[in-house]
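# Summary of structural features
Letter by letter, the chains look like this.
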Amino acid sequence: MDHEQAEGLGFDTLAVRAGQRRTPEGEHGEPIFTTSSFVFESAAQAAARFAGSDEGNVYSRFTNPTVRAFQERLAALEGGESCVATASGMSAVLATCLALLKSGDHIVASHSLFGTTLSLFSNYLTRFGITVTFVPLSELAGWEAAVRPETRMLFLETPSNPLTELVDLVELAGVARRAGAMLVVDNCFCTPALQRPLALGADLVVHSATKFLDGQGRCIGGAVVGDRQRVGQEVFGFLRTAGPTMSPFNAWVFLKGLETLSLRMRAQSDSALALARWLESLPQVRRVYHPGLPSHPQHLLASRQQKHYGAVLSFEVEGGRRAAWGLIDATRLISITANLGDVKTTITHPATTTHGRLSPAERERAGVGEGLLRLSVGLEAVADLQADLLRGL
Ligand SMILES: Cc1ncc(COP(=O)(O)O)c(C=O)c1O
């Protein structure tokens, strides 16, 4: 199904159909094209492919039919014109920045970003003359005040990790437009099944496909989605030159992941909300962070901006690190791993893992206390998850 055919079809249809082009073999499932290069019919065709006047494949660092199928499917789901798949979520962020920014440019970014993105911005991009100002995610006035004439990019995740704070994307898109900067949203936590930033005014979406897009913890990958010029030309140009390309096998796994994305996101969000409500009722739990709870300060924004509230929640136990580690170590079912977005529920102590490299001051600013635990809720029975958590509560 090509892009034109995709228009007008529902999300769930696109998730299983978009991007597939059958070969003359008539296969029903999408094939994996495990080939590094492609054969030309003649020297003239080879020359035309290299010159770009003939659009066919050349080499799998540039294009590959299985990777293209994934790109077209994700572009259709996010509502973008183009998608470029990358080797990891971090290489999606890197490719976006290196393709679209130059020395002297300025980024305004949320404080509440994935720790490695914070590190990429602060420790590496700054070496190449790109400056960054970090602001609190949900305060629009802070974004507005941080903008400078040389600001080219606003970058954020919503909801944030691990405290599930949100920002109003329509409002922030207005700030970006007035500043002449592009708004880039890491849509890893919601995926297009729950939130479509491009429709709300964002310019680009980046993904760690490693998380919910795969959904079963199998492969590392990423993607950038947006308009034809910035993504299809400039990010693609960087990718084919620098080489952080997605492998065809991983693209095939992600294609299969997308087919069940909508069902998984709905079911896992339902379970997360049930667990959040239950945790909030327990005296041992100080506070629960989940956008689906009426106690969440941005519950109404989440109801408006997202189709569902998401599968990630955090909660704070009394007793600091000892109590938090004790709870983790008492579990027998839930996996102790820093990954998220899996159909298997995972538990993490952010202060000593995902946010462990931050200074105590940075951790405090991010609101990551020693008693905080993060759950990425999977597809197990909620009663079994409750029983597992109760072992250590
Ligand atoms: C929100 C977010 N963005 C980006 C990344 C980086 O993705 P990857 O691990 O696929 O490089 C992660 C990884 O945990 C993440 O949680």
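For the structure, see preceding data.
Residues numbered from 1 in each chain as written. Predicted model: local features only at pLDDT ≥ 70, side-chain atom pairs only at ≥ 80, totals over all residues. Heavy atoms only, no water.

### Some details on the pattern of salt bridges
Heads up, the condition is: Definition used for salt bridges: Asp or Glu carboxyl oxygen within 4 Å of a side-chain nitrogen of Lys or Arg. Going along the chain from the N terminus, every DSSP run of H or I of four or more residues is numbered as a helix, and every run of E of two or more is numbered as a strand.
Tallied over the full model, the rule gives 20 salt bridges. As a salt-bridge pair, Arg266 and Asp12 come within 3.9 Å of each other at their nearest N and O atoms. In this pair, Arg266 sits in helix α12 (residues 261-280) while Asp12 sits in helix α2 (residues 11-17), placing the two residues 254 residues apart along the sequence. A salt bridge links Glu72 to Arg21, with the nearest nitrogen and oxygen atoms 2.5 Å apart.

### Quick notes on the sheet that holds strand β8 (residues 285-289)
Note the threshold: Whether two strands pair depends on DSSP finding at least two bridges between them.
Strand order in this open sheet of five strands is β8-β9-β12-β11-β10, and the pairing throughout is mixed. A single partner strand is all that each edge strand has here, and the edge strands are β8 and β10 (335-336). In terms of strand pairing, strand β11 (residues 346-348) meets strand β12 (residues 372-376) through three bridges, oriented antiparallel. Residue pairing across strands places Thr348 opposite Arg374, the latter belonging to β12.

### Comments concerning the packing of aromatic side chains
Short version of the rule: Ring geometry is summarised as follows: Phe, Tyr and Trp rings, the Trp one being its six-membered ring, pair when their centres sit within 6.5 Å, and such pairs are stacked at plane angles under 30 degrees, edge-to-face over 60 and tilted between the two. To sort residues, take the accessible area from a 1.4 Å probe on protein chains only and compare it with the maximum for the residue type: under 20% means buried, over 50% means exposed, and anything in between is partly exposed. By definition, being over a ring means that NZ of Lys or CZ of Arg is both within 6 Å of the ring centre and within 35 degrees of the ring normal.
For the structure on display, the rule yields five aromatic pairs. Between Tyr59 and Phe62 the ring centres are 5.9 Å apart and the planes differ by 75°, which places this aromatic pair in the edge-to-face class. When its relative accessible area of 35% is taken as the criterion, Tyr59 is described as partly exposed. Assessed through its relative accessible area of 15%, Phe62 is described here as buried. Look at Phe70 and Phe254: their rings are 5.7 Å apart centre to centre, the planes differ by 40°, and that puts the pair in the tilted class. Residue Phe70 is located in helix α4 (residues 65-78), and its partner Phe254 is located in helix α11 (residues 248-259); the two are separated by 184 residues in the primary sequence. For the pair Phe70 and Phe254, one class covers both residues: buried. We note Arg240 situated over the ring of Phe62; from NZ or CZ to the ring centre the distance is 3.9 Å.

### As for the pairing of strand β7 (residues 222-226)
Burial analysis of β7 places five of its five residues in the buried class, which makes it a mostly covered element. Residue alternation in β7 divides its side chains into two sets, Gly222, Val224 and Gly226 and Ala223 and Val225, and both sets are buried. In this sheet, β7 lies alongside strand β1 (residues 82-86) in antiparallel orientation, the contact comprising five bridges. When the sheet's bridge partners are listed, Val84 is paired in β7 with Val224. In this structure, strand β6 (residues 204-208) lies alongside β7, joined through four bridges in antiparallel fashion. Within β7, the residue paired with Ser208 across the bridge is Gly222.

Structural measurements only, silent on function.
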